[in-house]
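The lines below spell out each chain.
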Amino acid sequence: MKNLAERSAGSLYWWLLATLFLPIAIPGLVLKLLTMMKEQRNARHLNGKVVLITGASSGLGEALAHSFFLAGCKVVLAARRKDELERVRKDLLELHATVPTHPPIILPLDLSDLNSIGGKVQSVLEIHGAIDILVNNGGISVRGDALSTAIDVDIRIMLVNYFGSVALTKACLPSMMARKEGRIVSISSVQGKFAIPHRSAYSASKHAMQAFCDSLRAEVAKDNIKVTLISPGYINTALSLNALTGTGASYGKMDAATAGGASPQDTASSILKAIARDEKDIMLAPIAPRAAYWLRHLAPSVYFWIMKKRAEKLNST
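Residues numbered from 1 in each chain as written. Predicted model: local features only at pLDDT ≥ 70, side-chain atom pairs only at ≥ 80, totals over all residues. Heavy atoms only, no water.

- An unreviewed UniProt entry annotates the protein chain as Dehydrogenase/reductase SDR family protein 7-like originating from Anopheles coluzzii.
- We quote the UniProt Sequence similarities (unreviewed entry) comment for the protein chain here in full: "Belongs to the short-chain dehydrogenases/reductases (SDR) family."
- A UniProt comment under Function (unreviewed entry) is attached to the protein chain, and it reads "Putative oxidoreductase." (UniProt positions renumbered as here; feature names shortened; annotations may be inferred.)

### Regarding unusual backbone geometry
Turning to step 1, where the next piece is worked out: Positive phi is not limited to glycine here, since Asn 224 has a value of about 60 degrees.
Turning to step 2, where the next piece is worked out: Counting through the fold element by element, Asn 224 comes out in the loop between α6 (200-220) and β7 (225-232).
Turning to step 3, where the next piece is worked out: Take Asn 224: its relative accessible area is 39%, and that puts it in the partly exposed class.
Turning to step 4, where the next piece is worked out: Residues other than glycine seldom take positive phi values, yet Asp 278 does so here, at roughly 60 degrees.
Turning to step 5, where the next piece is worked out: Here Asp 278 shows up in the loop between α8 (264-276) and β9 (281-284).
Turning to step 6, where the next piece is worked out: Classification of Asp 278 by relative accessible area gives buried; the value is 17%. (Helix = DSSP H or I, 4+ residues; strand = E, 2+ residues; numbered from the N terminus. Buried < 20%, exposed > 50% of the residue type's maximum accessible area, 1.4 Å probe, protein only.)

### Quick word on the packing of helix α9 (residues 287-298) against helix α10 (residues 300-316)
Geometrically, a packed helix pair is captured by the angle between its two axes and the distance between the axes.
Turning to step 1, where the next piece is worked out: Look at α9 against α10: their axes get within 5 Å of each other, and the N-to-C directions meet at 125 degrees. Our classification of the angle between α9 and α10 gives oblique. Facing α9, whose interface residues are Ala 292, Leu 295, Arg 296, His 297 and Leu 298, α10 presents Pro 300, Val 302, Tyr 303, Phe 304 and Ile 306.
Turning to step 2, where the next piece is worked out: Its residues placed into classes, the contact of α9 with α10 shows 8 nonpolar, 1 polar and 1 charged. (Axes fitted to C-alpha atoms, helices over the stretch in contact; angles between N-to-C directions. Parallel < 35°, antiparallel > 145°, perpendicular 65-115°, else oblique. Contact = heavy atoms within 4.5 Å. Nonpolar A, V, L, I, M, F, W, Y, C, P; charged D, E, K, R; others polar.)

### A short note on the packing of aromatic side chains
Turning to step 1, where the next piece is worked out: Taken as a whole, this structure holds 5 aromatic pairs when the rule is applied.
Turning to step 2, where the next piece is worked out: Plain terms: the ring middles of Tyr 162 and Phe 212 are 6.3 Å apart, the flat faces sit at 85 degrees to each other, and that makes the pair edge-to-face. Placement of Tyr 162 in helix α5 (residues 151-179) and of Phe 212 in helix α6 is noted, with a sequence separation of 50 residues between them. For the pair Tyr 162 and Phe 212, one class covers both residues: buried.
Turning to step 3, where the next piece is worked out: Their ring planes at 80 degrees and their centres at 6.4 Å tell us that Phe 194 and Tyr 303 sit as a pair that is edge-to-face. (Phe/Tyr/Trp six-rings, centres within 6.5 Å; stacked < 30°, edge-to-face > 60°.)

Structure (structure tokens):
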């Protein structure tokens, strides 16, 4: 009799649990399943797409080149350093020799040379006939407080990170609009969501890109052009090594936060998944930057106090 009562109590427990949670769990599981199906379908559609990647000579851009190439895309590698682009192209062909896609194209490109960008895009169109996906990844960073950072440095950061990407986007848009198809992917930063001390120029350029993408997304939706903004946290690349100081000199140091950042390969994989899910604006960052983002909007006074303390600590070192 006791065992029967225990079994009855156990059955009642599971019945109550199912009654309470299944109505909540089932819609979530269905949504997750539908999202996975959409992601797989869109990932298959990447095959054969022409993808132009800036900053493809190293770091995240190089990792993105591998990810898109493995997805069967026709990759166009763009950056200033032609020799490094040659290296990346060689690696793609040797490491993924069995991938049935078009050999990568090298496109020497200086984002600060705005007048040359239109011609560079035209040269790609003459080869492939289209640019299906533009990945605005190229950029530089800076380490310096606002007062001691020379205005020339502010201008250079904005020229490369913002105006260069905007000019390239505008050069790609007409052909996309004519075909009623295309995607603009801009690699921003969590510092485009909230600013931290000694990053005023860099954060400003990323805030500007955020605003540009938000406006553009609404404007080109009628032409079936998608806009995806990616805001990663720290990535273990040479970004800080190649950063500028407030005087314009090379910073030349690997920050601890950068060294401890996510791997470029994992970040590139997450970006392709975001594209496959048709994400519009996504943060790829651990809990601390996400918390800072929400703190900035929900409790700004606390955020300002924390940033003030951080600035004081930086100024004392």
